[in-house]
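# Structural overview
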Amino acid sequence: MKWLIKNKYTVLLLLILLAPVLFYILGKGELASNISISFVYFFSLLIPGYAILSLPYFKKLKEIEKFCFSFGISVFLYAVLAVISTALFFDWLEFVNWGFLIVLNAVSLLYIVFKVKRAKISSNSDLPKKLISILLSFIVFLQIFVSLPFFVEENLPDGAYVFKNGDSLHVKIQALTGDLPADNFVPYAFSHFLLRGISFQENRPLLPWQEVSNRTVLAGLNSTFFMSIFHMPEKDDDGLIGKFSYLGVQWPDVGSFGEDNMSYAVFLDISMVMNSLFVFSLFMLMYRFFGENKAFAVVLLFLIFPYAVNQAIFAWPKFLMSYYLLLAAYLLLGEKKPPVLLPLFLAMAYQSHPSAMVYVGFSIVYFFAKEWQFGIWLAFVKTAKLCLGVLLLVAPWFIWTKLIVRIPSDLIKQNLVSENYTLSYQLKARLDNFFTLVLPWVTSAQTLKIKLLKEMLFTFTGSVGIFFIFSYYYATRYFRKHFLEITLLLLAPLVFLILPWGNPMGSFSVLFAQPVIPVCFAFGIIIFSSKNKFVFSIGCVVLQMALCFYVLWFGMYNLNLQANLYDLPNSNIGILWLLQALWIITALYSLYKKSPDDQRYNLRC
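Residues numbered from 1 in each chain as written. Predicted model: local features only at pLDDT ≥ 70, side-chain atom pairs only at ≥ 80, totals over all residues. Heavy atoms only, no water.

## Describing the confidence of the model for the chain
To keep it simple, the criterion reads: What pLDDT expresses is the predictor's confidence in each residue, scored from 0 to 100. Numbering of helices and strands starts at the N terminus; helices are DSSP runs of H or I of at least 4 residues and strands are runs of E of at least 2. What makes two residues a contact is simply this: any of their non-hydrogen atoms within 4.5 Å.
Residue-level pLDDT values for the chain average 86, and 90% of them are 70 or greater. Predicted confidence in the chain is weakest over helix α1 (residues 2-6), with a mean pLDDT of 53, and strongest over helix α16 (residues 341-352), with 96. Here residues 119-124 is modelled with pLDDT under 50, and outside its nearest four sequence neighbours on either side it reaches five contacts, counting other chains as well. Across residues 601-605 the pLDDT falls below 50, and counting only partners more than four positions away or on other chains, this stretch makes 21 contacts in the model.

Below, the structure is given as structure tokens:
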């Protein structure tokens, strides 16, 4: 018993790692296979990245920083390997990538075991185990969640649904996430183009009205590398695909790729891990400000939110973008770290999704303003070096799109207002969008359940929860003291990203607020729990968690349910409810537990 208590995190981690075996024994082989692929990808990200960050150049990094940063390093590394293998070894792609994967991880593991001296840490020795347990349990949750039986309506509307086959997994995910657009198919289609040898120039656009140059491809390159290993599609000899009709126009028949549900399942396994990496960056940022207990609490509680589940299973890499941007914020707000990391994280945020460009720009402005105190000339030199590093890392994308495939991007143009609209209409639309962003407004909701669902999935305030009030309070209370941080890293990017939209929108939380929402939630709930009496505080937190549970299961999922939601013995729903209960209990204990590092930073109101 003493050993069990002393090594509780090791035991918990072993139980989670045995999940695929248990599901296989229970006759759920497909679910076991999907979880296994996610686990393999997860550790394939951890091992090489950690080995690289254990090199002498990165000796200033703490062990927990090496751990959390390592995934971002490896995502970049596998993207580079995907480019090399598809460009030079296309005829032997699957064998070459298997070789890359085995050699890279074997060499990295040997270096970690035999060459790296273990850092002497005591209080933080269990942090990686805890974080791995949280993230892998979240991945298991997501895998079971998408494997539950749910249906798709027969007559799917145009616009969001480019593909109407309700038996396709990617269409089911669209329906489950609230009729989001077909952006979850973009990186998947890109991967198939590379793996099949299909010409981007002769099969334009990638999706209807979506050129390949509209979306950066860091996630697509990672899925290319691992799909070639786990489920290599058949190659096309002539580099051409057929056509299909949509809204009276003929388009390249990329929808045929989605008919292979096994292939899309592998892509989804990889994408869910990439999107879930935001757990590490959110933890690091909150750990810097509030210490270990509060950081674990906000991470666990945020995983209960329907918004977090929604964005993690929808395979656009905006949470991957959030991971890199929050790590960049961690570096910007802290002490000096190896200078190569900041430009790498900022560039990879853009390579994850182009909307990161605005966040990257304001992060560079903040870096310049922060360095100004040491002299204007020194600030110019350091900022120039940072900009050069970012440009060098994003240059391959522009070289490929502008000079090699020569396909211009029309992403911004799509969102600009038509010349037919008046100036007053354009101004009103942007003001409407601003108030929709900052206030809990949802119209055209038929029932309270649908209203709550749309609030918590598609609006900023609903995604943050009732704690958005305290986030606003923190921002106003400390606006003068932390003017640069609040203005340049939080407020300015959100406002600036509203400007291109010339029509009223109601879903900015899913369009570009992914990096800000977890942070606002974290600050809001920590300030709330520290400023109010225990009974009132814990009552409100439990109420918010109950609301999240209701919206997730009786809103987001129940609207698409095929099975009986209460039939726990014959479904996996009971397992998911148990996981959520464990997260909530552990989070509440961590949130209200007193510890020495609670006073590390004087950010309380």
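So that's the structure; there's more coming.
## Considerations on unusual backbone geometry
Heads up, the rule is: Burial classes follow relative accessibility: with a 1.4 Å probe on protein chains only, a residue under 20% of its type's maximum area counts as buried, one over 50% as exposed, and anything between as partly exposed.
Note the cis peptide between Arg204 and Pro205, where omega equals -10 degrees. With respect to the element layout, Pro205 can be found in the loop between α9 (186-196) and α10 (218-230). Of note in this structure, Arg406 is not a glycine but carries a positive phi near 55 degrees. Among the secondary structure elements, Arg406 is positioned in the loop between α18 (376-404) and α19 (411-415). Of the residues examined, Arg406 reaches a relative accessible area of 63% and is grouped as exposed.

## Re the side chain of Asn34
Its location among the elements puts Asn34 in helix α4 (residues 29-53). Those residues within four positions of Asn34 in sequence are excluded, and the remaining contacts are Gln143, Ala265 and Asp269.

## Comments concerning helix α11 (residues 261-276)
To keep things clear, this is the line we draw: Given the number of residues in a helix, its expected span is that number minus one, multiplied by 1.5 Å. Polar contact is defined as a pair of N or O atoms within 3.5 Å, subject to the rule that within protein one atom must be able to donate a hydrogen and the other to accept it, and that residues adjacent in sequence are counted only when both atoms are side-chain atoms.
With 16 residues, α11 should reach 22 Å at 1.5 Å per residue; the first-to-last C-alpha distance of 22 Å fits that figure. In terms of burial, α11 is a largely internal element, 14 of the 16 residues being buried. Sitting at the head of α11, Asp260 places a side-chain oxygen 3.3 Å from the backbone nitrogen of Met262.

## Concerning the pattern of salt bridges
The test is simple: Salt bridge, as used here, is a side-chain nitrogen of Lys or Arg placed within 4 Å of a carboxyl oxygen of Asp or Glu.
Per the counting criterion, the structure on display carries seven salt bridges. Between Lys428 and Asp432 there is a salt bridge; the shortest N-O distance is 2.9 Å. On the criterion of helical spacing, the pair formed by Lys428 and Asp432 is a turn pair, its members being four residues apart in helix α20 (residues 423-438). Judged by relative accessible area, which is 51%, Lys428 ranks as exposed. Note on Asp432: relative accessible area 27%, which makes it partly exposed.

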